[in-house]
Amino acid sequence: MSEAAILSNDVTTLPVQLGERSYDIVIGPRLLAEAGARIAALRPGARVGIVTDRNVAERHLATLEDSLRSAGLTPSAVVVEPGEKSKSYGVFEQVVDALLESRIERRDLVLALGGGVVGDLAGFAAASLRRGVDFVQVPTSLLAQVDSSVGGKTGINSRHGKNLVGAFHQPILVLADTDVLGTLPLREFRAGYAEVAKCALIDNAPFFAWLERRWQDVFGGGPARIEAIASSCAAKAAVVARDEKETGDRALLNLGHTFGHALEAGAGFSSRLLHGEAVAIGTAQAFRFSASQGLCSAEDAERVARHLKSVGLPTRIADIPGALPDTDGLMDLIAQDKKVSRGSLTFILTHGIGRCFIARDVDPAAVRAFLDRERAAG
Ligand SMILES: NC(=O)c1ccc[n+]([C@@H]2O[C@H](COP(=O)([O-])OP(=O)(O)OC[C@H]3O[C@@H](n4cnc5c(N)ncnc54)[C@H](O)[C@@H]3O)[C@@H](O)[C@H]2O)c1
Ligand SMILES: O=C(O)C(=O)C[C@@H](O)[C@H](O)[C@H](O)COP(=O)(O)O
Ligand SMILES: [Zn+2]
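Everything in this summary refers to the structure shown in the same document. The model shown is predicted, which means the values in this text are computed figures rather than measured ones.

Bringing the site of ligand 1 into the picture now. Lining the immediate environment of ligand 1, one finds 28 residues, of which Asp53, Glu84, Thr140, Ser141 and Thr183 sit closest. Glycine 116 places a main-chain nitrogen or oxygen 2.8 Å from an oxygen atom of ligand 1. Within the side chain of lysine 236, a nitrogen or oxygen atom sits 3.1 Å from an oxygen atom of ligand 1. Burial of ligand 1 by the surrounding chains reaches 93%, relative to a free accessible area of 850 Å². For the shell around ligand 1, the secondary-structure elements that each account for two or more residues are α2 (54–70), α4 (116–128), α5 (142–148), β8 (161–168) and α6 (186–203). Among the elements that line the shell around ligand 1, the one with the most residues is α2, at four residues. By residue class, the composition of the shell around ligand 1 is seven nonpolar, ten polar and eleven charged.

Listed below in structure tokens is the structure:
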């Protein structure tokens with residue numbers, strides 16, 4: 001048996017049940033070195049067009065390429081600049097052309113090695129290349145391991161807003177190597193944690209209480225971190241299995257994103273505000289807005305903001321450095337949200353921690369008045 005074919009057992013495997021598009025999420029240590037054997041078991045002899053960013057390439061690309069080669073696969077790599085600005089038309093074109101140049105054919109694979117930016121970009125390239133080639137996610141940020149690598153949402157941003165151009169394209173495998181989080185900067189880890197907290201807040205109050213008690217262990221690494229990753233993936237996999245294309249329940253995963261995406265676009269998709277940071281502010285706002293409408297208690301809204309703050313995440317517009325659009329500008333961005341239907345606003349609101357719901361036909365005047373108050377608050 002070759003070294004590449006020896007697979008470790010201290011991993012968690014979660015299935016995403018989507019009929020013929022079903023796949024496994026594999027979570028645990030040393031998976032980068034095992035990637036070749038695991039991928040070759042699905043697509044023996046394939047060429048693998050790796051899409052990654054410069055930060056991740058410097059630290060982890062060589063391990064992945066060695067693993068692929070020793071399993072009889074043929075890797076090529078396209079390396080993009082780190083950061084949200086790479087989810088753009090220009091970079092998308094460069095990636096697709098590089099994959100064509102490497103002769104990635106229909107029976108080959110595109111592999112995303114990186115955070116959610118690389119995952120969304122590479123996934124959309126895979127969905128478009130030769131009208132669709134298979135795709136593997138190797139998420140390297142906490143955010144990508146708990147959220148973006150699962151569920152098949154792929155895409156890029158437009159000057160009109162966030163993720164407005166893309167496709168649903170499920171991966172055939174997700175390999176979340178928890179060892180690679182060792183090189184992730186703290187600010188990025190915190191941003192990913194916002195999506196973990198979001199996941200708990202939607203419908204799992206005991207998980208949120210667990211996070212309140214154990215968040216330092218999650219940040220510290222070890223079993224609590226793996227448990228948080230696995231719980232988040234299991235929750236997302238269940239939602240995706242029952243509503244793959246967001247015709248209903250899946251919109252719950254958008255908690256914090258209606259406000260959050262508008263703020264991200266308002267900050268120019270820059271490093272002033274990371275996606276997870278925008279989600280933290282947007283989630284705190286969804287709870288405060290719900291409280292202002294008499295839907296949930298002020299105590300729950302305060303408890304959510306207190307927890308996010310205690311891990312070092314922002315919870316208010318005033319926490320974002322630099323200028324932002326005024327209320328009209330933010331309302332224009334909110335009007336481009338993909339949950340908008342025939343012009344009417346949909347938000348994920350809440351009756352309390354773990355009790356979120358989809359609110360359609362939300363009154364724009366109430367949102368506008370809320371944003372005025374939020375912008376005025378220190
Ligand atoms: N498709 C989905 O379902 C989904 C879900 C959530 C978020 N997203 C998208 O994901 C993106 C955010 O993802 P993100 O927070 O991972 O950002 P990111 O991809 O920009 O990665 C964060 C930063 O960390 C670096 N990095 C990643 N892994 C590293 C590692 N192991 N060691 C050192 N540095 C590392 C990257 O180079 C980057 O600078 C946003 O565009 C968001 O819209 C998509
Ligand atoms: O997977 C989903 O569904 C989500 O909403 C997860 C979000 O965390 C993620 O940021 C997603 O990309 C947002 O989706 P969008 O449809 O609002 O662009
Ligand atoms: Zn998100």
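A positive phi is found at arginine 30, a non-glycine position, where the angle reads about 60°. Within the secondary structure layout, arginine 30 lies in the loop between β2 (23–28) and α1 (31–42).

Let's shift gears to the pairing of strand β3 (residues 47–53). Of all seven residues in β3, six are buried, a share of seventy percent or more. Pairing of β3 with strand β4 (residues 74–80), which is carried by seven bridges, proceeds in the parallel orientation. Paired with arginine 47 across the bridge in β4 is threonine 74. Since β3 and β4 lie parallel, the crossover through α2 that links them has a hand, and here it is right-handed. Pairing between β3 and strand β5 (residues 109–114): five bridges, direction parallel. Paired with valine 48 across the two strands is leucine 109, which belongs to β5.

How each quantity is defined
- Residues numbered from 1 in each chain as written.
- Chains lettered and ligands numbered in written order.
- Predicted model: local features only at pLDDT ≥ 70, side-chain atom pairs only at ≥ 80, totals over all residues.
- Heavy atoms only, no water.
- Near = heavy atom within 4 Å.
- Polar contact = N/O pair within 3.5 Å; in protein donor to acceptor, adjacent residues only side chain to side chain.
- Areas by Shrake-Rupley, 256 points an atom, 1.4 Å probe, with all protein chains shown as cover.
- Helix = DSSP H or I, 4+ residues; strand = E, 2+ residues; numbered from the N terminus.
- Nonpolar A, V, L, I, M, F, W, Y, C, P; charged D, E, K, R; others polar.
- Buried < 20%, exposed > 50% of the residue type's maximum accessible area, 1.4 Å probe, protein only.
- Pairing = 2+ DSSP bridges.
- Right-handed = clockwise from strand over helix to strand, strands pointing away.

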